[in-house]
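Listed here are the chains, written in short residue letters.
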Amino acid sequence: MSVKFLHTADWQMGMKALQAGHRASDVRAKRFQTARGVAELAKRENVDFVVIAGDLFEDHDVDEAVVRKTVAVLESFAPIPVYVLPGNHDPLTPGSIWDRQSWQRVSDHVHLLVDAEEIQVRDDVVLYPAPLTQKRSAIDPTAWIPPRDPNDKRIRIGIAHGALDVLPQRANFPIAASRAHEAGLDYLALGDWHGFAQYGKAVYSGTFEQTCFNEKNAGNVVIVQISSAGQQPLVCPHRVGELHWLELEASIRDSSDVGRLRRCVLEGGPLSVQLLRITPLLEPGVSPIIIEELKNLRAELEQEAFLLDWPIETLEIPPARSMSLPPGLLTDVATDLNSIIEGRIPEGPAREMAGMSPDVVREALTLLYRIVSEAQS
Amino acid sequence: MIIERITIKHWRGYRNPHTFQFTERINLLVGRNEAGKSTLFEALTRVLFDRHTSKAEEIRSIQPIASSLGPEATIEFKVNGIRYRARKRFLQNAISELYREHSSSWELIHEGDAADAQLRQILHGEAPNRTAARPEHRGLAQALWYLQSDGAIQKAAWNEGVREGLQGLVRLAARSPIERRVLQQLATCYQEYWTPTGRIASSSELSLVIRELPQLEERLKELSEKTRVLERYRADLEELRQSLAEKETELAKAQKELAESSQRLREVEALEREREAKERADKEAREKAERLRQEATELDQRQRKIQACRAKIKELEESLSEINVQIKTEAELRDRHGRRRKEQLEPAFKRVERELHALRALEQSRKLEKDRQRVEQHVRRIRQVEKQLDAARKQRRALQAPSDKDWRRFRALHQRLSVVEAEIEASAVRVAFQWDGPTRQVTPRPNARQLGNEEYIVAEPTEFHIEGVGSVYVRSGGAALKDLTAQRDELAHQVNQLLERFKAVDAEEMAERYEQGRELERIISTLEKNLEELKAAEPDAEKELEGIMRALEEEKLASRGLSAKIRNLTVQGIRDRIASREQHRKRMLREIDTERKAEERATNQHLELVQQREATLSRLAELRAEARAHEESVAAILANYGTAEHLRTAVAASNEEARQSSAALEAFRADYMEKVTTPKRLHQQAENRVRELERQLGDLRSEIAATLARIEEAAAQGNYSRLADTEIELTWKRHRLEILNRRAHGVRLLHNLVLAYEQKRSAALSGPIQELVNRWLRLLSEDRYDALEIDHDLQPRHVRMAHYGADLPIGSLSYGAQEQVVVLLRLAMAVLLSESERNLVVIDDRLVNADPVRMRRLCLILQEAAKSCQIAIATCNDTPYAGLGANVIRVPQDGHADAGT
C-alpha cells in the first residue's frame, strides 16, 4: 500500500533575520503565515503524515510567543500526524526548547522524535529518525539505522539532519550519501540545507521560506509518494514561500544599464514581496543624468519593495580625472588628492596628508567634484 | 575705488546739506572735536554697505536730534575708471539709487535693494542680516579704513567674518566666482560635521550616532548576558540531569543490596531469640546476687549506724548537764550587775545631775540680774529724757514765743516804726506850753505824742484844749508829715498786732519771749538728740527687759532646790561647785557604763547557753529517732533470713550462680557477632544508604524543576527577538558611522587642504606687505624696530627690536605706537591692493599720539603711499601735515551748505 507524506525542514521559527534590517520582524511574522499555508497544502494533498526534518526552531532561546505560535500552527495540521526531528539549531539538550511548557502542551498528533529507534507509523510504514542531541558533531547521526532485513517489506523512511558528504561544507553532522542505499531506505528525509536538492533517495526539502540572500531553491516543501517498499519515490517540490530575496551588483554607465537593472528586479515578481540588495557600480565619468535615473529607480524601489538595501552613498559621483576644474586652488587640491590615491606623496600643503586613509581621500575628492559640479551647473 | 565727493544732510550734526570734495591723493579733513569728520566716514560706510531700509539702532542714531527727516548722503566715486554716484536716504522715505556717468550725464542703473547690493559689491562687502553693517561686512574696507569705531588692534583673532574678509582678500585676488561658490559650499559641508574649533558638531548626525552606539552596545551586552545566563542554566540543568541519572543508578544498586541483607536478616532471627533468653537468665542471676549483696551490706551499715547513734546520744547527754549549770551561773551574774546599776548608780547620777542643773540656773540668774539692772537703768534714763522733752515742748507751746521769722518781721517793723517816728519827729511840729501862772491841763485832741513836760509833737492837725483858757489848733507838717504819719500808724498797727498776738506788752517783752522761745528750742533739740542716742544704743530695751525678767524667773525656779548656803555662794563659788559636780558626774557615768557592759555580757552568754541547750536537746531527739529507724530496718531484713549469718550464706550462693550464668552467656556470644551483628549492621547501613539516595534524588528533582522554571522564566522575557533587533540596529548604526566618519574626515581633509592653499596664497600676498611695512617701520622708528611679524591672518604680532634681536609683542607697545604700526600695515596692504586701481585708505584721527619727529616720518610714508592710493586723514590739527601738500578740507565749513542735491 502506498504512502504519501509531506517532507519539510528548517522552519527556523523565531530566526533573527539580520539581513532583513528594519523589516526583520515582518520577515519573522511571514514565516508563520507560510507555515499555515503548508498545513493547508498538507490537507489539500491528503498526506498520511508530515515530517519536519530538524530546525523547527531557530534557537532554544526564541521568544515564548514564537513557541506558542508554532505550536498553534502545528495544531492546525490535525488530525494529520506530524513528526518533528530535533536539528542542530534545536537539539535535544537539557533545558532545550522541547522542555518548554508551551511545547509540552502540544497535541498528541505532533510527535517529537527523541530516540534513535524505529517508529511504526502504520503496519507497512516505519520511520528511522536520527534526532540530534547536540549542536555540533562529526559523527554521522544516521549510522544507527539498521539495514533492511530481507523479509522486511515495509516502507522504510529515514529522517535526519546534517550535511551529505557530497555537499561543499560537511563539517557538522556529516551524513553518508550512501546511507539510504546501505540501510535499504525507501526515502531519506533530510534537513539542514536550505535549498531543495535531491541526491537519489536522499532529499533536502529546503526551508519553506528563504532566510537570507544567496539561498538557492529555497521556499519549498516536498510531497513524496512511495508506492511500495523498494520503489523509487515520487518527489514533488511545491513552492510555498512568498518572499523573494534578490542580491544584484550592476555596472552602470548609461541608461540602458539602468533599464537592465530595473528589469532584473521586476523579474523577481511583485515588489511587495521582494527583498532587494542592490549595489550599482558606477563607471568613472557617469553622467549626473544617469545618477538621477538611478536615484529615481532607488526611490521607487524604496517605496514599493518589501525591503531595499541600497545605500545612497553608492550614487556619489565617482571622481574622474577628466572632469574639468577651475584653474587655481581647486585644481591644485584635486591634483594632490589624486596623487595620494595613486600612492604618491604630493609636494606643498598636502604633503602632511599623504598618510590619510585612501577611502577618506577618495571621499574628499568625490566631494570636491560634486561641489564643483553643482557650482558649475 | 576712490572717492570724489560727499554730500551729506540731516545726518547727525549736518542738518543742512554739506558737500566735500576729495582729490586723488592725500585729503586732510581738519576740524575740531565733534566737527563731523568721523561722521563723513560713517556716511561713506553706511551708503556703501548698509541696507537703505535698515531701522537698526545704529541707523536711527544718525538722525539729528528732534528731527524726523531721513539722513541722506550722496557719494560720487570712481571704480575702474568709471564714475558712479550713490545716493542713499535712511528712515524717512528711504531710498537707494546708483547712477553711472555716461556722456557727462548721470544714468540711474540701480535703485532700492539692487542698488544696495551693487554698492556692496564694489568693495566686496557682505549684506548684514538685520543689524547695521559691521566691520566684517565691509569687505576690503575693513582692512583699508582705519576708523575711530575700530579698536587699535584686534584683541582676539579676526572673527570668522573678518577672517573670511581677509581670506576674501585672497579670494578677491583670485577673483573666481566658481571658486568662491565652491569654497562657500565647502564651508557649509564642513559645518555639517565640524565646529569651527575642529570638534564634531554636537547637532550632526555623526555626533548623534557616536552617542547612540555605546547605548546600543550596552543594550546588546545586557541582552547577550541574559543569553549567557540562560546557557548557564542549561549547563546547570545538564549537570543536574547527569547527577540524577547517576543517583538513580546508585539507588537501584543500593536497593538491591538492601533486599539481599533483608533476606540474611530473616535467617538470624532464631539466634536472636536464643541470645535474648540467655541474656535474660544471666540478668536475673546477677540481679539476685546483687540484691542479696545489697541487703547484706545494708544490714552491716545499719548496725554500725545504730552503735554510732548510741555513742553520740551518751555524749550529748553529758554535755547537756554542763550547759544547764552554766546557764544558771550566767543568769545570776546578769542580775547582780543589773541591780547595782539600777538601784545604786543611776539614782546617784540623777541626783548629781539635778544639782548641776540647779547650780547652772543659779549662775545664770546672777548674770541675768546684772543685765536686768543695766537695762532697767537704761530704760529709766530714756523715760526721764522723754519726760523732760515733753515738758520742754509744753513749755514751748505755752510760751507763745515768736518764731525767728516773726521776730525778724517784728524787728523790721519796729525799726521802721522808730525811723518813721524819728522822721515824724523831725518833721513834726513841736508844741511846748510854758505857763507863767499856774500850770494848766492841756488835752490834745487827737492825742499827740508828748515829749516831755508840756511838750508835744504834732504830726497832724491837733487841738490842744487848755483848761480854762480854750483851745489851740495846731496844723501838722504838711503832706510829707501826713505820709509819715500814715506810715507810722500802719507800722504801729502791725507792731501792735504782733505784740498782741504774742501777748507782749512791748518790744522788750517781745524780745524776751523770743529769747525764751529760742532757749526752749535749744533744750528740746538737745533732748531729742539724747533720746535718739539712748534708743540707738539699746533698741527695744523694754522688750529686752521683759525677756530678762522672764528668764530670771525661770532660773530662780530651777535653782529652788539648792540649799541656802549654796544659794549664797558667790559667782566664783558657784562655778567651782559646778566644776566639782561635773567631775563627779563623769565618774558616775563611767561606772554605770562598766556595770551595763558586764550585764550585757552576762545576758549574751546566758542566751547562747540557752540556745546551745535547745540545739543539744533537738539533736538528741534526732539521734534517738534515727537509731530506732535503723533497728526497724535491721529487723525487716532479718525477717526473710532469720539471722545475719543466714543472709551471708545466701549471698555467697547467689554470687556463684551469677558467675556461672555469665560464663555461659559469654561462651554463646563468642561467634554471635559474626552470625548476627554484622549482617544487621550491614542491613542498617543499606537502609540508611537507600534513604539518603532517595533524599538526594528528591533534591535533584526539585533543583531540576527550579532550573527548568528559571529557564522558562528567562525565555519568557522575549530577549531573543530583542537581541536580534538590537543586533540589526547596531549593525546599521556601525555601518552608518563608517559612512559618516568617512564623509566627515573627507570633508575635513578637503577643507584643511583648501585652507592650507589659501594660507599659502595669503602668505604669498603677505610677503610684499611684510617687506613694505618693515621698510617703513625702520624709517618711522629710526631703526629701533626693523621688522613687523605678521601672521597668516595678516595680523600684526611682534615687532623686532633691532638692537637686541628680540621680539616685542604688539600689545606691549604704547597705544600710539600700536596705532602707527597698524597704519603702516594698512597703508602697505592698500599699496599692494592698488596695483591695478587706486583704492581709498581712511585714517580717522589715528596719529594724534605721534610725536613731531614721528609725524615728519609718517608724512614721508604717507607721501609714498599716496602715489598708489587715495588717502583720507581726519585730524584736529593740520600743522604736522604741513609738508604733505594735502587737499585740506575744513569740516564743516568747507562743506558749505548746498542748495540742494
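As shown above, the structure is provided for reference.
Now for the nonpolar core. If you look at the biggest cluster of nonpolar residues, it comprises 93 residues, and the most contacted ones within it are Trp145, Leu827 and Ile871 of chain B. With 12 residues, helix α18 (residues 815–833) of chain B is the single largest residue contributor to this core. Those residues in contact with Ile871 of chain B, other than ones at most four positions away along the chain, are Arg25, Ile26, Asn27, Leu827, Val841, Ile843, Leu862, Ala865 and Ala866 of chain B. One finds Tyr369 of chain A together with Cys189, Val209 and Leu753 of chain B within the second-largest nonpolar core, a separate group that totals 43 residues.

What follows deals with the interface of chain A and chain B. In this complex, chain A contributes 51 residues to the contact, which on the side of chain B involves 47 residues. Roughly 4,100 Å² of surface becomes buried between chain A and chain B when both sides are summed, with 68% attributable to carbon and sulfur atoms. The largest share of the area that chain A buries against chain B comes from Asp61, Pro94 and Leu329 of chain A, three residues that together contribute 16% of it. There are seven salt bridges connecting chain A and chain B. A salt bridge links Arg743 of chain B to Glu313 of chain A; its shortest N-O distance comes to 3.4 Å. Connecting chain A to chain B are 14 residue pairs in polar contact (both at pLDDT 80 or more). No other element matches helix α8 (residues 358–376) of chain A, which puts 13 residues into the side of chain A that touches chain B.

A separate point is the side chain of Arg28 of chain A. Its place among the elements puts Arg28 of chain A in helix α1 (residues 24–45). When its relative accessible area of 11% is taken as the criterion, Arg28 of chain A is described as buried. In this structure Arg28 of chain A touches Met15 and Lys16 of chain A together with Ser721, Ala724, Asp725 and Ile728 of chain B, once residues within four positions along its chain are discounted.

Turning our attention to unusual backbone geometry. Residue Pro79 of chain A is reached from Ala78 of chain A by a cis peptide bond, and omega for that bond is 10°. Here Pro79 of chain A shows up in the loop between α2 (64–75) and β3 (82–84). Along the chain, Arg445 of chain B connects to Pro446 of chain B via a cis peptide bond; the corresponding omega equals -5°. Structurally, Pro446 of chain B is set in the loop between β10 (442–445) and β11 (449–452).

Attention now goes to helix α3 (residues 112–122) of chain B. All names here are of chain B. Within the sequence span of α3, burial applies to Gly112, Ala115, Asp116, Leu119 and Arg120. Along α3, the residues classed as buried sweep out an arc of 135° about the axis, all on the same side. Taken together, the buried residues of α3 touch α1 (37–49), β4 (72–79), β5 (82–89), β6 (95–102) and β7 (105–111).

To continue, consider the side chain of Asp55 of chain A. Locating Asp55 of chain A in the fold gives a position in the loop between β2 (49–52) and α2. Within the buried set, Asp55 of chain A has no salt-bridge partner at all; the shortest N-O distance to an opposite charge, 8.2 Å, is to Lys135 of chain A.

Definitions and limits used
- Residues numbered from 1 in each chain as written.
- Chains lettered and ligands numbered in written order.
- Predicted model: local features only at pLDDT ≥ 70, side-chain atom pairs only at ≥ 80, totals over all residues.
- Heavy atoms only, no water.
- Core = buried A, V, L, I, M, F, W, Y, C linked by side-chain atoms within 4.5 Å.
- Buried < 20%, exposed > 50% of the residue type's maximum accessible area, 1.4 Å probe, protein only.
- Helix = DSSP H or I, 4+ residues; strand = E, 2+ residues; numbered from the N terminus.
- Contact = heavy atoms within 4.5 Å.
- Buried area = accessible area lost by both parts, 1.4 Å probe.
- Salt bridge = Lys/Arg side-chain N within 4 Å of Asp/Glu carboxyl O.
- Polar contact = N/O pair within 3.5 Å; in protein donor to acceptor, adjacent residues only side chain to side chain.
- Arc of directions from axis to C-beta.
- Lys, Arg positive; Asp, Glu negative; His and termini not counted.

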